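Spelled out from the first residue to the last, the chains are:
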Amino acid sequence: EAKSSGRNLFRFYEPAMNERIMERRQLEMDMRQALRRHEFRLDFQPRYDASSQTIVGAEALVRWQHPLRDLLSPACFIPLAEETGLIVELSDWVLREACLNALSWGDELMVSVNLSPVEFQRSDLVDRVATVLDSTGIAPQRLELEITESVMLEDAASALTTMNGLKALGTRLSMDDFGTGYSSLSYLRSYPFDGIKIDRSFISGLDQSQSSEAIVHAIVSMGHALSLTVTAEGIETVAQLGKLTELACDQAQGFYLGRPMSPLLFQKVLADARVERVLEPGVS
Ligand code: C2E
Ligand code: MG
Ligand code: MG
Ligand code: MG
């Protein structure tokens, strides 16, 4: 009795499941094609020095301009790219495009690129990054690679080897979404990070709760004790920015300061900021 009803239940779900699988397969084919047809593009979100509020760089964020859909955000396609291995090809494109854009900003600003944990599970990541540095000619210290702590959860030993390899190339490493994982603190001690990015959830909490402020304060102090650059992400209000400056956070990123924008618009923002600096020489 129970068995047959279980089978019915299975049959009941089967069409929907097939549909999902077909849809994913379609998406995967679309994605391969999208890579060939150059449907991916990068937005850049400016990153500021918190106290002077001058731009110190930008984070590259990938989007997919699908011909038949709206602009797709990374949450819609990065997981599938990871599952299918297409993430490597996509990420090679992102790395190269990000570096080429950075070269057009002059020779000082940083560019940050998000890497997937899947890329760390493969042995070729250091070579891939070296190739991009070589072929674009960007100074390695201008490239910052953002990783989340899931990288260390997968295979701690090989993650360390890869991270040391990336450091040896001269790139910077930062831990993204800091504070959301389980063991972020211990990782900071054992891995060669240059910076941490405090997760948005703590920043939005700054308006509402004393505890968020205490946590951010603790993260900034600890980061500085470990000689790390501390960046706050997801700043949406002037009050949050004020609080973070008060808490001596080094860098700031968020909709209040600047949304992710097209390369062209970012260049315009940069140019405007430079003009402003010339007109107000007192401000650094
Ligand atoms: P992330 O690296 O933590 O990037 C920050 C995300 O927060 C971005 O979303 C950004 O648009 C958004 N954001 C920035 N400031 C604010 C704010 O003030 N308020 C709010 N509500 N959101 C803000 P996005 O572009 O949708 O990217 C989501 C995630 O996708 C990224 O999180 C990153 O983990 C991943 N991702 C993006 N581009 C790439 C890529 O090229 N490669 C890989 N592997 N992952 C990527
Ligand atoms: Mg990031
Ligand atoms: Mg983040
Ligand atoms: Mg993230």
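Reading guide: rules and limits
- Residues numbered from 1 in each chain as written.
- Chains lettered and ligands numbered in written order.
- Predicted model: local features only at pLDDT ≥ 70, side-chain atom pairs only at ≥ 80, totals over all residues.
- Heavy atoms only, no water.
- Near = heavy atom within 4 Å.
- Polar contact = N/O pair within 3.5 Å; in protein donor to acceptor, adjacent residues only side chain to side chain.
- Helix = DSSP H or I, 4+ residues; strand = E, 2+ residues; numbered from the N terminus.
- Phe/Tyr/Trp six-rings, centres within 6.5 Å; stacked < 30°, edge-to-face > 60°.
- Buried < 20%, exposed > 50% of the residue type's maximum accessible area, 1.4 Å probe, protein only.
- Lys NZ or Arg CZ within 6 Å of the ring centre and 35° of its normal.

**Section: the site of ligand 1**
- Taken together, the neighbourhood of ligand 1 is formed by 22 residues, with Arg 63, Asn 114, Asp 176, Glu 236 and Phe 255 sitting nearest.
- Val 62 places a polar main-chain atom, nitrogen or oxygen, 3.2 Å from a nitrogen atom of ligand 1.
- Listing elements by their share of the shell around ligand 1, those giving two or more residues are strand S2 (55–65), helix H2 (74–84) and strand S6 (172–178).
- Per-element accounting of the shell around ligand 1 gives the leading share, 4 residues, to S2.

**A short note on the packing of aromatic side chains**
- One pass over the full model with this rule turns up 7 aromatic pairs.
- Ring geometry for Phe 40 against Trp 64: centres 5.3 Å apart, planes inclined by 35°, an arrangement best described as tilted. Residue Phe 40 is located in strand S1 (residues 40–49), and its partner Trp 64 is located in strand S2; the two are separated by 24 residues in the primary sequence. Judged on exposure class, the residue Phe 40 and its partner Trp 64 are both buried.
- A ring pair is formed by Trp 105 and Phe 266, whose centres lie 4.8 Å apart and whose planes are at 70°; its orientation type is edge-to-face. Of this pair, Trp 105 sits in the loop between helix H3 (86–103) and strand S4 (110–114) while Phe 266 sits in helix H12 (residues 263–279), placing them 161 residues apart in sequence. Accessibility classification places Trp 105 together with Phe 266 in one group, the buried group.
- Directly above the ring of Phe 255 sits Arg 259, whose terminal nitrogen or CZ lies 4.0 Å from the centroid.

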